[in-house]
Amino acid sequence: MVAVVTGAAGGIGLAVVRILAGNENAVAAVDRDGPALTEAVEKLAADGLAVTGFTADVSDSDQADSVIAAVEERMGPVESLVNSAGVLRTGELRTCTDEDWAATFAVNSNGVFHMSRAAVNRMVPRGRGAIVTVASNAAGTPRSSMGAYAASKAAAAMVTKCLGLEVARHGIRCNVVAPGSTDTPMLRSMWTDTADRQATLEGNLDSHRLGIPLGKLAQPADVARAVAFLLSDEANHITMATLTVDGGATLG
Ligand code: NAD
């Protein structure tokens with residue numbers, strides 16, 4: 001099976017690539033950061049996992065169409081798509097600039113639409129396929145200093161589910177994974193960007209743990225396993241669902 005994973009050089013995307021490649025899928029790893037992608041693909045190769053890297057910016061619909069076409073040409077029919085590319089710009093909405101807002105939506109919402117549309121148009125004639133979008137538990141829970149991000153993730157989740165409704169009759173499933181705080185470069189960037197610049201890494205880890213009933217941050221692999229499950233035949237009657245992977249943070 002050919003699986004496309006966006007944001008593949010980042011924390012969660014790379015963990016998804018690892019699991020899918022380990023399960024004998026042919027994985028196309030897509031990221032806009034070419035050098036980070038090359039490094040990731042080399043590291044995977046050193047671990048015995050053969051993955052093909054494709055540099056593309058999902059916020060550009062032409063690049064999204066081209067990368068899906070390139071993957072099909074080199075690797076065969078795409079059966080799975082994981083939308084994990086994302087950006088986070090923190091700050092209160094009253095100081096959020098037009099550029100912050102647009103840059104956030106360009107990747108987190110438009111990127112999901114561009115990649116999903118490109119993939120699903122290939123899947124429909126074949127009558128099979130699965131898409132998982134990595135949104136966020138912030139999509140359903142108001143968060144201060146994360147308004148643009150939370151709104152963009154709500155849009156990403158909804159576009160995934162509406163698409164799921166439209167393509168269900170073609171045998172294609174579209175689901176959402178909603179992680180909470182996960183220990184990746186994105187989460188760590190928050191700790192240097194936000195108001196509490198003096199806080200130590202450990203202090204921040206503690207503040208995050210306090211809001212999580214299970215008492216720990218997620219590791220990227222915790223989220224990746226949920227993604228892999230929703231792509232698999234084990235989930236063959238699940239579509240338009242959200243699987244929240246946040247240690248109970250928004251549920252308990
Ligand atoms: P990360 O920053 O480690 O990885 C994100 C990756 O996306 C990077 O490699 C980056 O280069 C890539 N990317 C960004 N813009 C892109 C674009 N336009 N085109 C192609 N690639 C692009 O972040 P992560 O923590 O692994 O996050 C993965 C996903 O999970 C994101 O969508 C994020 O919003 C979501 N998420 C993360 C957390 C968390 O706590 N880490 C929580 C909830 C949701």
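Residues numbered from 1 in each chain as written. Predicted model: local features only at pLDDT ≥ 70, side-chain atom pairs only at ≥ 80, totals over all residues. Heavy atoms only, no water.

Peer 1: Sorry if this is basic, but what is going on with the pattern of salt bridges here?
Peer 2: For side chains bearing opposite charge, pairing can occur when the charged atoms are close. Counted according to the given criterion, the structure contains nine salt bridges. With its nearest N and O atoms 3.0 Å apart, the salt bridge here joins Glu-79 to Arg-128. Of the two residues, Glu-79 is situated in strand S4 (residues 78–83) and Arg-128 in the loop between helix H4 (98–123) and strand S5 (129–134); the sequence distance between them amounts to 49 residues. A residue is classified by how much of its surface remains accessible, and Arg-128, at 44% relative accessible area, is partly exposed. Of the charged contacts, one joins Asp-100 and Arg-89 as a salt bridge, the two residues approaching to 2.8 Å between their closest N and O atoms. Of this pair, Asp-100 sits in helix H4 while Arg-89 sits in the loop between S4 and H4, and the two are eleven residues apart along the sequence. (Salt bridge = Lys/Arg side-chain N within 4 Å of Asp/Glu carboxyl O. Helix = DSSP H or I, 4+ residues; strand = E, 2+ residues; numbered from the N terminus. Buried < 20%, exposed > 50% of the residue type's maximum accessible area, 1.4 Å probe, protein only.)

Peer 1: What exactly am I supposed to notice about the site of the ligand here?
Peer 2: Around the ligand lies a shell of 30 residues, among which Asp-31, Asp-57, Tyr-149, Lys-153 and Thr-184 are the nearest. Between a nitrogen atom of the ligand and a side-chain N or O atom of Asp-57, the distance comes to 2.7 Å. Note that an oxygen atom of the ligand is positioned 2.7 Å from one of the side-chain N or O atoms of Lys-153. Of all the elements in the fold, those that place two or more residues in the shell around the ligand are helix H1 (11–22), helix H5 (147–167) and helix H6 (185–193). Across the shell around the ligand, the residue classes tally to 14 nonpolar, eleven polar and five charged. (Near = heavy atom within 4 Å. Polar contact = N/O pair within 3.5 Å; in protein donor to acceptor, adjacent residues only side chain to side chain. Nonpolar A, V, L, I, M, F, W, Y, C, P; charged D, E, K, R; others polar.)

Peer 1: When you look at the side chain of Asp-31 in this model, what are you seeing that I'm missing?
Peer 2: Residue placement: Asp-31 occurs in strand S2 (residues 26–31). Put simply, Asp-31 is tucked away with no salt bridge, and the nearest opposite charge, on Arg-32, sits 5.9 Å away. Of note is the side chain of Asp-31, whose polar atom sits 2.9 Å from the backbone nitrogen of Asp-33. Non-local contacts of Asp-31, meaning those with residues more than four positions away in its chain, are made with Gly-7, Ala-8, Ala-9, Gly-10, Leu-37, Phe-54, Thr-55 and Ala-56. (Lys, Arg positive; Asp, Glu negative; His and termini not counted. Contact = heavy atoms within 4.5 Å.)

Peer 1: In this structure, what is going on with helix H3 (residues 61–75)? I would like to understand it.
Peer 2: Along an α-helix, a turn takes 3.6 residues, which lines up residues three or four apart on a common side. Taking 1.5 Å as the rise per residue, H3 with 15 residues should run 21 Å; its terminal C-alpha atoms sit 21 Å apart, in good agreement. Buried residues along H3 sit against strand S1 (2–6), S2, strand S3 (51–55), S4 and H4. One or two residues past the end of H3 sits Gly-76, with phi positive at roughly 110°. (Expected span 1.5 Å × (residues − 1).)

Peer 1: When you look at the environment of Ala-218 in this model, what are you seeing that I'm missing?
Peer 2: Relative to the elements of secondary structure, Ala-218 occurs in the loop between helix H7 (201–210) and helix H8 (220–231). With a relative accessible area of 10%, Ala-218 lands in the buried category.

Peer 1: Explain the pairing of S2 to me, please; I cannot follow it from the model alone.
Peer 2: Note on strand geometry: in a regular strand, side chains alternate between the two faces of the sheet. Here S2 lies mainly inside the structure; five of its six residues are buried. Read from S1 through H1 to S2, the crossover connection turns out right-handed. Relative to S3, S2 runs parallel, the two being bridged by five bridges. By the bridge assignment, Ala-28 is partnered in S3 with Thr-52. In terms of handedness, the path from S2 via helix H2 (residues 34–46) over to S3 forms a crossover that is right-handed. (Right-handed = clockwise from strand over helix to strand, strands pointing away. Pairing = 2+ DSSP bridges.)

Peer 1: When you look at the confidence of the model for the protein chain in this model, what are you seeing that I'm missing?
Peer 2: In regions of low pLDDT, the predicted coordinates are not meant to be interpreted in detail. In this model, the protein chain carries an average pLDDT of 94, and 92% of its residues clear a pLDDT of 70 or more. Predicted complex, confidence summary: ipTM 0.99, pTM 0.96. (pLDDT = per-residue confidence, 0-100.)

Peer 1: Could you clarify how one ought to interpret the packing of H4 against H5 in this entry?
Peer 2: Between two packed helices, what matters for the description is the angle formed by their axes and the separation of those axes. Two elements in contact, H4 and H5, have axes separated by 8 Å at closest approach and are oriented at 15°. Judged on the interaxial angle alone, H5 and H4 are roughly parallel. With respect to the hand of their crossing, H4 and H5 are arranged in right-handed fashion. Residues Trp-101, Thr-104, Phe-105, Asn-108, Ser-109, Val-112, Phe-113, Ser-116 and Val-120 of H4 lie in contact with H5, whose contacting residues are Ala-148, Tyr-149, Ala-151, Ser-152, Lys-153, Ala-155, Ala-156, Val-159, Thr-160, Leu-163 and Val-167. Split by residue class, the contact of H4 with H5 holds 13 nonpolar, six polar and one charged. (Axes fitted to C-alpha atoms, helices over the stretch in contact; angles between N-to-C directions. Parallel < 35°, antiparallel > 145°, perpendicular 65-115°, else oblique. Left-handed = near helix turned anticlockwise from the far one by under 90°.)

Peer 1: Sorry if this is basic, but what is going on with the environment of Gly-140 here?
Peer 2: The residue Gly-140 is located in the loop between S5 and H5 in this model. Sequence separation of Gly-140 and Ala-178 is 38 residues, and the distance between their C-alpha atoms is 9.4 Å.

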